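Descriptive structure summary
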Amino acid sequence: MNHSLKFRILSRMVLSISIIFLVLSVSILFVISDILRFSLESRGKDDMQLLAYYISDAQEDAEQASKILAINENVQQFLIREQKESVSDEVTSVRSMMSSIEKSVLLHDYVQSFCIVSNSHRGYWNTSPNSNDFLEWFEEHALGGSSVMDFRGFTDNYTFPVTINSSQPVQLVSYVCPVTSITRDHQLTIGRLIINLNFDQLIYKLKNQSNIFSQIAILNQDRELLYLSSGDESEFMEAASAITSNSQKIGGNYYISQYLPSTGWYLVTAADMSQSIHFLQGSYVVIGIIIMLFIILCILFCLYPLLNKITAQIGGLSSAIDQVRLGNLDTSVQLTGSSELTNISEGFNLMTVSIREHIRTSIEETERSQKLSFELLVAKINPHFIYNTLNSIIYLARKEQCQDIIQMTGAFIYLLQDSIHLGHSPLYARCENEAEVIRQYIIIQKYRYRDRFQFHLEFQPELKGYYIPRNILQPLVENSLIHGICTDDKPGTITLTMKKQQDLMEIVLLDDGVGMDQEYADKLLLASDDTDADRRARVRPIGINNIAGRLNYLFEGRHDFIIKSQAGAGTKITIHIPLVDDPDENRK
């Protein structure tokens, strides 16, 4: 289906504007994406600080609780006199101490239990005060076989099994600190205090506080995973091991890492980069689309009148082109509105004028070429030349010179064949063919003008295969013979030289005949065909000026035709023409 030019331009304009806005929108989206990523990073770092604060706050609470318990008077007195009490008194003291601590010390929800360890390496666990099983289990599983007396600080998280006080396993992390008795003279460590924190309660706020992180993890000081909120642990640890700074983009996630000096842990969070789109308000997107549509409509409203004017004039130009195609070369157009349209109309009008002139010139050139071809044909079959040649043959027959008759008749037949058969190019002939025509012509003239002249032909073999304008050599040789040699009483010599000089062909015709004044020689190039000299010619009615005209027609500005002569000293004709290997390509 063919649409109008206006429709196609308008549709492409809309498409181009849409593509431009699409590219612009994508570019703006990239800029906004950077802003959103920056917002995600800032928000992530803020949330990370908050999460770190929650953990640090819980750790500080545990440390504060341990300090309060360490200086508790009942704890201090119990540990000092622990070695002096009997078993029954010890049981009573432990229960009294535990009851006093639970009443006087305020412990947070995430403090699951605590254990007091004496220097005698006996532990008193508040959930089972008279059992030493917890201490033994703690040292074996939580401390990896180390003694509690040699450890201080936070442990890694561990799973405490089901006991009579706990119906299901529980994740714990413990804080170990010394209990010190301070006197006037010195400071003495009298035991150890273990605060057991419920790990799930400790990270409860981590699970529920932030909705920007897709994963939250806690690593120990050896970068081993203690806790991961969700996802595959191996994949997360592979990404976490590649983190080289506090914040880093790896794959499609943005990772933030923070060291917690109080525990020696690392808090690592991962935020999905696609979450950054949530910082973009939907209303902004709608407003942006409305603005783009409004701009497109404004552009179309401003450009449509100009488009309508241009397409109308282009339509007129199209109609004019159709008229020219139908043969009406008098068609012209007048476009206005801009210099470009004016130039198009002027160029179109000049083109039609040039076409008319070219057609006229082509017709004239064709007529001229046909005229030259006809003149060549007529010249070749000049009846005077035929009469003289046949008369010479009859003369030889009467003398019974059969061999001469054969030679002269063969030369005559060759000339007639060359005259009738003009070849595929009526204006050109091969150099070797024209040279052979001269040889056959001289054979005939030798019988007519016996002992009156000598002829020498120097033909360079390199010229074989090249072309020369047809029948320019024979009239020149004829003029040298008839007007230069035969008008004098003494014999003469004619020399024709054809050779190659770089990309030119040089033809030199030299005779030692009567010659002429140089002024008369110059006029020969401009004389008409009806000069007296031409009328005296028996073989060639076409004058020297006709040869000059044909050379100028074929090689305008690329040839030389020079006649040098002196009365009584002979004549020299020099011709330089381009080498022609394809006559069809040498037309002007």
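Located above this text is the structure these notes cover.
Residues numbered from 1 in each chain as written. Predicted model: local features only at pLDDT ≥ 70, side-chain atom pairs only at ≥ 80, totals over all residues. Heavy atoms only, no water.

This brings us to the pairing of strand β5 (residues 170–182). Successive residues of a regular strand alternate their side chains across the two faces of the sheet. Taking burial as the measure, the 13 residues of β5 include ten buried ones, the bulk of the element. Where strand β3 (residues 153–154) and β5 come together, two bridges link them in antiparallel fashion. The partner of F154 across the bridge, within β5, is Y175. Bridging between strand β4 (residues 158–160) and β5 involves three bridges; their strand directions are antiparallel. Residue pairing in the sheet places Y158 in a bridge with L172 of β5. (Buried < 20%, exposed > 50% of the residue type's maximum accessible area, 1.4 Å probe, protein only. Helix = DSSP H or I, 4+ residues; strand = E, 2+ residues; numbered from the N terminus. Pairing = 2+ DSSP bridges.)

Counting across every chain of the model gives four salt bridges. Taking the shortest distance from any N to any O, the salt bridge between R360 and E357 comes out at 2.1 Å. Highlighted residues: R360 and E357, both in helix α9 (residues 339–380), separated by three residues, approximately one helical turn. With a relative accessible area of 38%, R360 lands in the partly exposed category. Assessed through its relative accessible area of 39%, E357 is described here as partly exposed. Across the pair E436 and R439 runs a salt bridge whose closest N-O atoms are separated by 3.2 Å. Placement of the pair is E436 and R439 together in helix α12 (residues 431–448), with a separation of three residues, close to one helical turn. Here E436 falls in the partly exposed class, since its relative accessible area comes to 23%. (Salt bridge = Lys/Arg side-chain N within 4 Å of Asp/Glu carboxyl O.)

Moving on, we get to a nonpolar patch on the surface. Nonpolar side chains collect at one region of the surface, where I287, I291, F294 and I295 lie side by side and expose about 370 Å² of accessible area between them. Its location among the elements puts F294 in helix α8 (residues 282–325). We classify F294 as exposed; its relative accessible area is 53%. (Patch = residues over 30% accessible without salt bridge, like charges linked within 9 Å, V, L, I, M, F, W, Y side chains within 5 Å. Areas by Shrake-Rupley, 256 points an atom, 1.4 Å probe, with all protein chains shown as cover.)

Turning next to the environment of F199. Within the fold, F199 resides in helix α5 (residues 199–202). Along the primary structure F199 and Q171 are separated by 28 residues, whereas in three dimensions their C-alpha atoms are 5.3 Å apart. If we ignore the near neighbours within four places in the chain, the residues touching F199 are N157, Q171, L172, V173, I218, L226, Y227 and W265. (Contact = heavy atoms within 4.5 Å.)

Our next topic: the sheet that holds strand β18 (residues 570–578). Reading across the sheet, the five strands line up as β13-β15-β16-β18-β17 and stay open at both edges, with mixed pairing between neighbours. Bordering the open sheet on either side are β13 (453–459) and β17 (560–566), each of which pairs with just one other strand. Here the average twist between neighbouring strands, direction ignored, is 10°. The pairing of β17 with β18 spans seven bridges and is classified as antiparallel. Each residue of the ladder has a partner; that of K564, found in β18, is K572. Along the sheet, α12 makes contact with β13, β15 (492–501) and β16 (504–511), crossing β13 at roughly 170°. Of the strands in this sheet, β17 and β18 touch helix α16 (residues 544–554), which is tilted by about 155° from β17. (Axes fitted to C-alpha atoms, helices over the stretch in contact; angles between N-to-C directions.)

Just geometry here; none of it tells us what the structure is for.
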